[in-house]
Amino acid sequence: GDGDFCFEMMIDQIPDFDVPPFSDFTIRRPQLQISEDLIQQELHLQCLESGSHEATDAPISVDHRVTIDIEIFSDDTERDPISLDGLVGRVPHAGQPIFLNGLKFNDLSQALLAHATGDVFEAEISLPHVIQTDGFSAERHRTNITIHKIEVSNPLSVDEVIKMYGTPNIVVLKSQIQTSLQRRFELDQIAFMTEDFFRQLLEQVEYSPPERILKLREIEVAQNAFKACRSNGGTEEEAKLAAEKAASSTKRSISQSLKRQAIAAVLSSKNEVQLSEEEVQDQIRNLAALQGKRPEDFRQELIDSGKIHSVTTQVLEHQLTRLALAEADVVDIDPE
């Protein structure tokens, strides 16, 4: 017709709300003294790790090397569980955290003891800070654990380890161990402080994400649940039910996660924080090293599973937390 031509468009702006100044916050900072004891423990592990290993049918006990899968379920019923496969680590003494592919599990080793190869069992454990994301909090989570292999190690002597690494002497080896323990701890520390800071931000900032964006995200969640159910052989009816259940049960966590994104966006814009590709690559390298993977393989995994943006988010939140640390009250606490 000859009426006026008009069209509608939707623009998402950076939302506008007030965030209290950094100086209003108190951030807890875990402190770790890398003691002679810790270095000795790590040295003991390296002697065991460098030795020869043979599979055993004996139940798991201290110093055994284990290979396991862990499936972690979210509080959020419709979020896919996190599957960590082929994790390898050594069972520490009572009360010590176990490191599996560099990921630190504080309370898992107790659950492993006395289990044998082939066992599949449920356990409630808390997650390493590095893998806490939406729907997977610091709280304890239900997990399924599968024991693939248990090995007994025949350790090398400290002198043999020094020779193997081509290190001049024990002093240099210990200082290398100290550096790597320090780096591993720093990754854990910034992840902890970020969660502490953002928990307070979510409590203190008044903001509700626009209905329209919430709806879009709910539809996305519902579609994913529908597809997942169909591809697992579910009927059209079952898939529809799964989709409805997914959308309604994730309402709160979608809203929280959008609010968290909005807060990060406002803080970034206010503080002119720019993310460089280099920093994201750095974090990918760190996370890959923790899990003993090649950075390029790990990056591809992130892209394939659609989780690459979560690393970008993580890096941005870490940067904002570092800025806040300069002005906030910082309270040093014991890491445990």
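Coordinates for the structure precede this section.
Quick caveat, the model's predicted, so the values are computed rather than measured. (Residues numbered from 1 in each chain as written. Predicted model: local features only at pLDDT ≥ 70, side-chain atom pairs only at ≥ 80, totals over all residues. Heavy atoms only, no water.)

(A) Local environment of the packing of helix H7 (residues 251-270) against helix H10 (residues 308-327). It is at 10 Å that the axes of H7 and H10 come closest, and there the two elements cross at 55°. With respect to each other, H7 and H10 are oriented oblique. For H7 against H10, the interelement crossing comes out left-handed. Contacts from Arg260, Ala264, Leu267 and Ser268 of H7 reach H10 at Leu316, Glu317 and Leu320. Partitioned by chemical class, the residues of the contact of H7 with H10 number 4 nonpolar, 1 polar and 2 charged. (Axes fitted to C-alpha atoms, helices over the stretch in contact; angles between N-to-C directions. Helix = DSSP H or I, 4+ residues; strand = E, 2+ residues; numbered from the N terminus. Parallel < 35°, antiparallel > 145°, perpendicular 65-115°, else oblique. Left-handed = near helix turned anticlockwise from the far one by under 90°. Contact = heavy atoms within 4.5 Å. Nonpolar A, V, L, I, M, F, W, Y, C, P; charged D, E, K, R; others polar.)

(B) Here's a closer look at the pattern of salt bridges. Summed over all chains, the structure comprises 22 salt bridges. Across the salt bridge formed by Glu218 and Lys215, the nearest N and O atoms sit 3.7 Å from each other. Placement of the pair is Glu218 and Lys215 together in helix H5 (residues 211-231), with a separation of 3 residues, close to one helical turn. Glu218 gets classed as buried once you look at its relative accessible area, which sits at 9%. Note that Glu278 and Arg285 form a salt bridge whose closest N and O atoms lie 3.1 Å from each other. Of the residues examined, Arg285 reaches a relative accessible area of 37% and is grouped as partly exposed. Overlapping salt bridges bring together Glu49, Arg65, Arg90, Lys149 and Glu151 as one network. (Salt bridge = Lys/Arg side-chain N within 4 Å of Asp/Glu carboxyl O. Buried < 20%, exposed > 50% of the residue type's maximum accessible area, 1.4 Å probe, protein only.)

(C) Highlighting H10. In this model, H10 (20 residues) spans 30 Å end to end at C-alpha, consistent with the 28 Å of a helix rising 1.5 Å per residue. Turning to H10, its buried residues number three or more, namely Val311, Gln314, Val315, Leu316, Glu317, His318, Gln319, Leu320, Thr321, Ala324 and Leu325. Tucked into the core, H10 has its buried residues touching strand E1 (26-30), helix H4 (170-204), H7, helix H8 (277-290), helix H9 (295-304) and strand E9 (329-333). (Expected span 1.5 Å × (residues − 1).)

(D) Summary view of the packing of aromatic side chains. Following the criterion strictly, the structure yields 4 aromatic pairs and no others. A ring pair is formed by Phe17 and Tyr207, whose centres lie 4.7 Å apart and whose planes are at 40°; its orientation type is tilted. Of the two residues, Phe17 sits in the segment before E1 while Tyr207 sits in the loop between H4 and H5, which places them 190 residues apart along the sequence. A relative accessible area of 9% places Phe17 in the buried class. Measuring from centroid to centroid gives 5.6 Å for Phe197 and Phe198, while their planes differ by 70°, and the two rings are edge-to-face. Members of the aromatic cluster, each reached through a chain of ring pairs, are Phe22, Phe25, Phe197 and Phe198. Residue placement shows Arg184 over the ring face of Phe99; its charged tip is 3.8 Å from the ring centre. (Phe/Tyr/Trp six-rings, centres within 6.5 Å; stacked < 30°, edge-to-face > 60°. Lys NZ or Arg CZ within 6 Å of the ring centre and 35° of its normal.)

Function cannot be read off these values alone, since they describe shape.
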